[in-house]
Amino acid sequence: MNTTAGKLDPSLGNARLQAAKLIAVLLETENHDGDLVLANLETVNTLLDLFIRYQWNNFLHTHVEHCIRAVLKCTPSSGGSDESPLLNHLFKDCQIIDRIQDTFSKCKNTDQTHRPGYMGHMIKIANDVASFLEANFSEDLVQNFTKDLREGRMEEWHAFVLNDLAEVNMRQAADMVSGPAMNTSMDEDNGFSALKFPTDTSFQVAKQMANNFERFALKNEKFASHNASADNRFTKVKLVRAETTADTSSDLTWNIIS
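Conventions we followed
Residues numbered from 1 in each chain as written. Predicted model: local features only at pLDDT ≥ 70, side-chain atom pairs only at ≥ 80, totals over all residues. Heavy atoms only, no water. Helix = DSSP H or I, 4+ residues; strand = E, 2+ residues; numbered from the N terminus. Buried < 20%, exposed > 50% of the residue type's maximum accessible area, 1.4 Å probe, protein only. Contact = heavy atoms within 4.5 Å. Areas by Shrake-Rupley, 256 points an atom, 1.4 Å probe, with all protein chains shown as cover. Core = buried A, V, L, I, M, F, W, Y, C linked by side-chain atoms within 4.5 Å. Axes fitted to C-alpha atoms, helices over the stretch in contact; angles between N-to-C directions. Parallel < 35°, antiparallel > 145°, perpendicular 65-115°, else oblique. Nonpolar A, V, L, I, M, F, W, Y, C, P; charged D, E, K, R; others polar. Salt bridge = Lys/Arg side-chain N within 4 Å of Asp/Glu carboxyl O. pLDDT = per-residue confidence, 0-100. Expected span 1.5 Å × (residues − 1). Arc of directions from axis to C-beta.

## Looking at the overall build of the chain
Moving on, step 1. Looking only at helices and strands, one finds 11 helices and 4 strands in the chain.
Moving on, step 2. Per-residue burial for the chain yields a buried fraction of 29% across its 258 residues.
Moving on, step 3. Of the contacts formed within the chain by residues at least 6 apart in sequence, a portion of 68% connects residues at least 24 apart.
Moving on, step 4. Taken as a whole, the chain presents about 18,600 Å² of accessible surface, with 54% of it coming from carbon and sulfur.

What follows is the structure, encoded as structure tokens:
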């Protein structure tokens, strides 16, 4: 399929998109047996592959982001990888830490004006994973999940969180508060600076409003004059009787009884 962003071969298709949405809903149920099945099928790993492959499908990116967040929320309080199959799958099989850092590294080394369409969602995923790893209740889980990582990987992750991720978060927070810088007519000489415009037009506006009021407004004296006919009291009609004859051609006779 040819698109404005390139050729999709094959295209994602609505069926796989709806399947990703269904998986996100299933993960929200926090069913251990269901989580075990999804982990054995390597479902999250497949979703992350699609996440990277279809970089402009924001519908898919949203569902995958919800899946990752749901997996991180299903942490058992007692600890142990056997009680959290999806967490074990996410950190060991999916190698989520490697995926996040590799994605940021590729984006950093490419033209910033054409960064992948999934980067906004990947930033949210990175923040969710960083919050999970820094939580006190997940200390034992983190040690269990990261013990198979190559030496020095966690140190690289901590450096990434403190530098690259923190810089992105700070830049986005600044953009949300102040917004992008915009040039105004006061910032440059556009050829109109020599023109003399009136500094106070309030008198002109007030005079124009007064003229309009004189032309279109109703005068008070029109309401002050009383019409004599208005003083006549209206007698309430109590009964209206209609009489007619057998001759349908005759006029209808009305008798009003006050």
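## A few points about the nonpolar core
Moving on, step 1. In terms of nonpolar packing, the biggest core is built from 48 residues, with Leu90, Phe91, Ile96, Ile100, Phe104, Val129 and Trp157 touching the most fellow members.
Moving on, step 2. Breaking this core down by element, the ones donating at least two residues are α1 (13–28), α2 (32–40), α3 (43–53), α4 (58–73), α5 (85–93), α6 (96–108), α7 (119–134) and α9 (153–178).
Moving on, step 3. Considering each element in turn, this core owes the most residues, 9 residues, to α7.

## Some words on the packing of α4 against α7
Moving on, step 1. Packing of α4 against α7 leaves a shortest axis separation of 10 Å and a crossing angle of 5 degrees. As far as their axial angle goes, α7 and α4 are roughly parallel. Between α4, through Asn58, His61, Thr62, Glu65, Ile68, Arg69 and Leu72, and α7, the contact on the second element is made entirely by His121, Lys124, Ile125, Asp128, Val129 and Phe132.
Moving on, step 2. Taken together, the residues of the contact of α4 with α7 sort by class into 5 nonpolar, 4 polar and 4 charged.

## Here we look at the pattern of salt bridges
Moving on, step 1. A full pass over the atoms with the stated rule returns 5 salt bridges.
Moving on, step 2. As a salt-bridge pair, Arg99 and Asp49 come within 2.8 Å of each other at their nearest N and O atoms. With Arg99 in helix α6 and Asp49 in helix α3, this residue pair connects regions lying 50 residues apart in the sequence.
Moving on, step 3. With a relative accessible area of 40%, Asp49 lands in the partly exposed category.
Moving on, step 4. Here Arg69 makes a salt bridge to Asp128, at a shortest N to O gap of 3.1 Å. Of this pair, Arg69 sits in helix α4 while Asp128 sits in helix α7; the two residues are 59 residues apart in sequence, bridging distant segments of the chain.
Moving on, step 5. A single network of salt bridges, built from pairs that share partners, joins Glu65, Arg69 and Asp128.

## Observations concerning the side chain of Glu65
Moving on, step 1. The topology assignment puts Glu65 in helix α4.
Moving on, step 2. Exposure remark for Glu65: the relative accessible area of 5% places this residue in the buried category.

## Observations concerning the environment of Leu12
Moving on, step 1. Among the structural elements, Leu12 can be located in the loop between β2 (6–7) and α1.
Moving on, step 2. Looking at Leu12, the relative accessible area reads 6%, which means it is buried.
Moving on, step 3. Separated by 38 residues in sequence, Leu12 and Leu50 have C-alpha atoms that sit 8.3 Å apart.
Moving on, step 4. Each residue touching Leu12, except ones within four places of it in the same chain, is listed here: Leu17, Leu50, Tyr54, Asn57 and Leu60.

## Focus on the confidence of the model for the chain
A low pLDDT means the predicted coordinates there should not be read in detail.
Moving on, step 1. In the predicted model, the chain carries a mean pLDDT of 75, and the fraction of residues at 70 or more is 58%.
Moving on, step 2. Counting contacts from residues 77–81, a segment whose pLDDT is below 50, to residues more than four positions away or on other chains yields 7 contacts.

## Things to note about α1
Moving on, step 1. Under the 1.5 Å per step criterion, the end-to-end length of α1 is 24 Å for 16 residues, consistent within 8% with the ideal 22 Å.
Moving on, step 2. Within the sequence span of α1, burial applies to Leu17, Ala20, Ile23, Ala24 and Leu27. The arc enclosing the buried residues of α1, seen along the axis, measures out at 115 degrees, which places them on a common side. More than 90 degrees from the buried face of α1, the exposed residues found are Asn14, Ala15 and Leu22.
Moving on, step 3. Residues of α1 that are buried make contact with α2, α3, α4 and α5.
Moving on, step 4. Backbone geometry just downstream of α1 places Glu30 in the positive-phi region, at approximately 55 degrees.

## Digging into unusual backbone geometry
Moving on, step 1. You will see that Glu30, though not glycine, has its phi angle at about 55 degrees, which is positive.
Moving on, step 2. Turning to its location among the elements, Glu30 is positioned in the loop between α1 and α2.
Moving on, step 3. In the Ramachandran plot, Gln95 falls in the positive-phi region, its phi being about 50 degrees despite a non-glycine side chain.
Moving on, step 4. Within the fold, Gln95 resides in the loop between α5 and α6.

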